[in-house]
Amino acid sequence: MDQTTDLDNAVSLEWIRAIPKAELHIHLLGAIRPRTALELARRHRVEFPVDSLEFWAPFFCTGNLAQFVERFILLFPLLREKEDFERVGREVFEDLHADGIRSVEPRITLTSHLLRGVSEEAIGEGLAAAACYAHETLGMKVRWIVDFPRILGLQVGRLALEAAIRGIPWGVAGFDIAGYEGPGEDDPAYCAIFARAREAGLHLTAHAGETGPPEHIRIAINEWGVERIGHGIQASRDSDLAEELASRKIPLEICPTSNIALGAVPDIYSHPLETFRQQSLRITINSDDPSLFGTTLSREYLIAAAAFGWDRETVLKIIEEGWLAAFPPHDLYKQSEC
Ligand code: ADE
Ligand code: ZN
């Protein structure tokens, strides 16, 4: 290969940014601008352990997943009013647009706001207004995914499901279980929750095998019937499962920096995503909580491309996989009402 061809095929941040991308795994509050979060804390008189931008990402990047989730929870009280949800949504969409993202499925933990006394109207109207701004001004598709933290149990799961169904008219398209993967995953009551979500026309995904055992991924695909897996990296410990994921073409929402920051893998070179790719699993690249981990979706592609020696064609194929695995809007969602 001569030098010109090499340069022509170079994968740079600028090159990745310029390609329209779909982001499948991002938490709205994990993408909040740090400055906005600190401002909202002051306005609503919420005590927040970080009061300066320089300590923002280090605060979230220390410790394991369970400790991270404890810190993530501190973000919920920062949003109280419709204007807060709209502002955070708009700013996140502007940042994602600048990174070349043209389709996004932000996760929102409705119950964590509702149980703190925020009205469902405030949340729905604020988020719908932000999504309309994304559609009309930025030309970006937004499909909301409602998640619930498994640690809060089945009752909260049921509340989340009902809120997600009521949210379909303002753009909820998917349903997810998140948080720390503790015991109790095999409780059959989860099946009923996911079955009802599917009947309501919601698309299903689940955080599974992020740090929890491969069995969690099996339960999610075989008992809950999810269409995609959030993370799923522990499938690397179970070759039968990896084969099953490949043969059933189940997309994995891989979030490299998140896995490194929370200690699920020691570094990018140890990340199973390249092995998965070579085993023909459907991998997609995502950012999870870009503000908290100090990353962007384009940077996630770049880190993986640099570590695994991907050329442009390989990166383009994975970007295409993100588009193919994206959830369509719900039939009852009326974008025309923007
Ligand atoms: N909530 C926000 N980020 C998360 C992650 N990486 N895993 C589980 N729950 C989360
Ligand atoms: Zn996540």
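Just so we're clear, the structure is a prediction, and the values are computed from it rather than from any experiment.

A.B. asks: Any chance you could explain the overall build of the protein here in plain terms?
C.D. replies: Assigned secondary structure in the protein consists of 17 helices and nine strands. C-alpha atoms of the protein, sized along the principal axes, occupy 60 × 40 × 40 Å. Among the 338 residues that make up the protein, the fraction classed as buried is 47%. Contacts spanning at least 24 positions in sequence make up 76% of the contacts within the protein whose residues lie at least 6 apart.

A.B. asks: How do you make sense of the site of ligand 1 when you look at a structure like this?
C.D. replies: Taken together, the residues surrounding ligand 1 are His27, Gly30, Leu65, Val69, Phe72, Ala178, Gly179, His207, Glu210, Ser258, Asp288 and Asp289. Counting residues per element, the shell around ligand 1 draws most heavily on helix α5 (residues 65–72), at three residues. A per-class count over the shell around ligand 1 returns four nonpolar, five polar and three charged.

A.B. asks: Whenever I open this one, helix α16 (residues 297–308) confuses me. Can you help?
C.D. replies: A turn of α-helix holds 3.6 residues, and therefore any two residues three or four places apart point the same way. The end-to-end C-alpha distance of α16 is 17 Å, a good match for the 16 Å that twelve residues give at a rise of 1.5 Å each. All of the buried residues in α16 are Leu297, Ser298, Glu300, Tyr301, Leu302, Ala304 and Ala305. Backbone geometry just after α16 places Gly309 at a positive phi near 65°.

A.B. asks: Could you clarify how one ought to interpret the environment of Ala178 in this entry?
C.D. replies: Summarising the element assignment, Ala178 is placed in strand β5 (residues 172–178). In the structure, Ala178 is positioned 166 residues away from Ser12 in sequence and 32 Å away in space, judged by C-alpha atoms. For Ala178, the contacting residues outside a window of four places in its chain are Arg107, Asp147, Phe148, Pro149 and His207.

A.B. asks: Sorry, what's going on with the packing of helix α6 (residues 82–98) against helix α8 (residues 120–138) here?
C.D. replies: Helix-helix packing is described using two parameters, namely the angle between the two axes and the distance between the axes. One way to put it is that α6 packs onto α8 with a least axis distance of 7 Å and a crossing angle of 30°. Taken together, the axes of α6 and α8 are roughly parallel relative to one another. Crossing geometry of α6 relative to α8 is assigned as right-handed. Residues Lys82, Glu83, Asp84, Phe85, Glu86, Gly89, Arg90, Phe93 and His97 of α6 touch α8, and the partners they reach there are Ala122, Ile123, Glu125, Gly126, Leu127, Ala129, Ala130, Ala131, Tyr133, Ala134 and Leu138. Classifying every residue of the contact of α6 with α8 by side-chain character gives eleven nonpolar, three polar and six charged.

A.B. asks: Explain the nonpolar core to me, please; I cannot follow it from the model alone.
C.D. replies: Soluble globular proteins tend to pack their nonpolar side chains together in the buried interior. With 90 residues, the main nonpolar core has Val146, Ala164, Ala220 and Ile229 as its most contacted residues. With near-sequence residues (within four places) excluded, Ile229 lies in contact with Thr205, Ala206, Ala208, Gly209, Ile217, Ala220, Ile221, Ile250, Leu252 and Glu253.

A.B. asks: Explanation requested: helix α10 (residues 189–199) in the structure shown.
C.D. replies: The set of residues buried in α10 consists of Tyr190, Phe194 and Ala197. Looking down the long axis of α10, one finds its buried residues gathered within 55° of arc, a one-sided arrangement. Residues of α10 that are exposed and angled more than 90 degrees away from the buried face: Ala189 and Glu199. On its buried side, α10 packs onto α9 (153–166), β5 and β6 (203–208). The first or second residue beyond α10 is Gly201, which carries a positive phi of 90°.

A.B. asks: Sorry, what's going on with the packing of α9 against α10 here?
C.D. replies: Taken N-terminus to C-terminus, the directions of α9 and α10 make an angle of 0°; their axes are 10 Å apart at the nearest point. Taken together, the axes of α9 and α10 lie roughly parallel to each other. Here Leu154, Gly157, Arg158, Leu161 and Ala164 of α9 lie close against α10, whose contacting residues are Ala189, Ile193, Arg196 and Ala197. Split into classes, the residues belonging to the contact of α9 with α10 amount to six nonpolar, one polar and two charged.

A.B. asks: Can you help me understand the pairing of β6 in this one?
C.D. replies: Consecutive side chains of a regular strand alternate in pointing toward one face of the sheet and then the other. Of all six residues making up β6, six are buried, and the element is well covered by its neighbours. Of the two faces of β6, both are covered, the one formed by His203, Thr205 and His207 as well as the one formed by Leu204, Ala206 and Ala208. For β5 and β6, the ladder comprises two bridges, and the chain directions are parallel. The residue of β6 that forms the bridge with Gly174 is His203. Note that the unit made of β5, α10 and β6 has a crossover that is right-handed.

A.B. asks: Even after reading the chapter, I still don't get unusual backbone geometry, so can you show me in this structure?
C.D. replies: For residues other than glycine, phi is negative in most cases, and the peptide bonds are mostly trans. Non-glycine residue His231 carries a positive phi angle of around 75°. Take His231: it is sitting in strand β7 (residues 228–231). Of note, Asp288 is a non-glycine position whose phi angle comes to about 65°, a positive value. Looking at the element boundaries, Asp288 is found in the loop between β9 (283–285) and α15 (290–293). Assessed through the 29 C-beta atoms surrounding it within 10 Å, Asp288 is described here as buried.

A.B. asks: Which parts of the structure should I look at to understand the environment of Ile268?
C.D. replies: Among the secondary structure elements, Ile268 is positioned in the loop between α13 (256–261) and α14 (273–278). On the basis of neighbour count, Ile268 is assigned to the partly exposed category, with 18 C-beta atoms found within 10 Å. Put simply, Ile268 and Lys82 are 186 residues apart on the chain and 39 Å apart in space, counted from C-alpha to C-alpha. With near-sequence residues (within four places) excluded, Ile268 lies in contact with Pro256, Ile260, Ile303, Ala304 and Ala307.

The rules behind each value
Residues numbered from 1 in each chain as written. Chains lettered and ligands numbered in written order. Predicted model: local features only at pLDDT ≥ 70, side-chain atom pairs only at ≥ 80, totals over all residues. Helix = DSSP H or I, 4+ residues; strand = E, 2+ residues; numbered from the N terminus. Buried ≥ 20, exposed ≤ 12 C-beta atoms within 10 Å, placed from the backbone. Contact = placed C-beta atoms within 7 Å. Near = placed C-beta within 6 Å. Nonpolar A, V, L, I, M, F, W, Y, C, P; charged D, E, K, R; others polar. Expected span 1.5 Å × (residues − 1). Axes fitted to C-alpha atoms, helices over the stretch in contact; angles between N-to-C directions. Parallel < 35°, antiparallel > 145°, perpendicular 65-115°, else oblique. Left-handed = near helix turned anticlockwise from the far one by under 90°. Core = buried A, V, L, I, M, F, W, Y, C linked by C-beta atoms within 7 Å. Arc of directions from axis to C-beta. Pairing = 2+ DSSP bridges. Right-handed = clockwise from strand over helix to strand, strands pointing away.

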